Amino acid sequence: GAVVSQHPSWVICKSGTSVKIECRSLDFQATTMFWYRQFPKQSLMLMATSNEGSKATYEQGVEKDKFLINHASLTLSTLTVTSAHPEDSSFYICSALLAGWQETQYFGPGTRLLVL
Amino acid sequence: GENVEQHPSTLSVQEGDSAVIKCTYSDSASNYFPWYKQELGKGPQLIIDIRSNVGEKKDQRIAVTLNKTAKHFSLHITETQPEDSAVYFCAASTSYGQNFVFGPGTRLSVLP
């Protein structure tokens, strides 16, 4: 149980285009999902917290107009990188909060984005 | 805010030996401490976690200990196997599943 999927697993796009990444909780409902960014050989950095039915909360320094987050259902959150540039190339990972008496985050497999 | 340090940054052990990774945290209000294993090109996988009301937890070859007074917690892997080779991240949270602050990671190599 507690499986989180991401799609696509990797994407290559041209500079200036927008890319959408989907995060799904497959066997549980998640009112809260998180989006992280990870550069090579570095730790995970939280970008934003996504709550179902409400606006996402962005961490300091993360442009909300650049990284659009939509959490329209209890099993799906999407991250759209708008007008992507080479510096946006990174590994994007989502996680979903398994609520209950033992709350914890379960991570997706990640999406590698390369902007040319 | 919370700050999590992790040591060592790299660790090499012979197959069958034990590996210990230590994390320290700064916020005494932190109450949840998960450990994640991340293999190359994959997302982190939860391997064990511990809550502040428990001092030790074990799951087969993996154990975690927590010292709230000293504000540190450690991951212990016994009888290491080559498939244990990965990057391990600790995290601390003041509200269980939310507000995770991750350590910088430890790259573990288990040599056959």
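Cut-offs applied
- Residues numbered from 1 in each chain as written.
- Chains lettered and ligands numbered in written order.
- Predicted model: local features only at pLDDT ≥ 70, side-chain atom pairs only at ≥ 80, totals over all residues.
- Heavy atoms only, no water.
- Phe/Tyr/Trp six-rings, centres within 6.5 Å; stacked < 30°, edge-to-face > 60°.
- Helix = DSSP H or I, 4+ residues; strand = E, 2+ residues; numbered from the N terminus.
- Buried < 20%, exposed > 50% of the residue type's maximum accessible area, 1.4 Å probe, protein only.
- Pairing = 2+ DSSP bridges.
- Axes fitted to C-alpha atoms, helices over the stretch in contact; angles between N-to-C directions.

Moving on to the packing of aromatic side chains. Taken as a whole, this structure holds 14 aromatic pairs over all chains when the rule is applied. Both rings, one in A:F67 and one in A:Y92, keep their centres 6.3 Å apart while their planes meet at 45°; by these two values the pair is tilted. Of this pair, A:F67 sits in strand β7 (residues 67-73) while A:Y92 sits in strand β9 (residues 90-98), and the two are 25 residues apart along the sequence. Taken as a pair, A:F67 and A:Y92 share a single burial class, namely buried. Note on A:F107 and B:Y36: the rings are 5.0 Å apart at their centroids and 85° apart in plane angle, and the pair reads as edge-to-face. With A:F107 in strand β10 (residues 104-107) and B:Y36 in strand β4 (residues 32-38), this residue pair bridges two chains. Judged by its relative accessible area of 9%, A:F107 is buried. For B:Y36, a relative accessible area of 0% corresponds to the buried category.

Turning our eyes to something else, we now look at the sheet that holds strand β1 (residues 4-7) of chain B. Each strand in a sheet pairs with another by means of backbone hydrogen bonds, the pair being arranged parallel or else antiparallel. Residue and element names in this part refer to chain B. Pairing is antiparallel in the open sheet, where five strands are placed in the order β1-β3-β8-β7-β6. The two strands at the open ends of the sheet, each matched to only one other strand, are β1 and β6 (56-59). If you compare each strand with its neighbour and ignore which way they point, the axes differ by 15° on average. Inspection of the sheet shows strand β3 (residues 19-25) paired to strand β8 (residues 72-77) by six bridges, in the antiparallel sense. Within β8, the residue paired with V20 across the bridge is H76.

Scope: geometric values only; no functional claims are made or implied.
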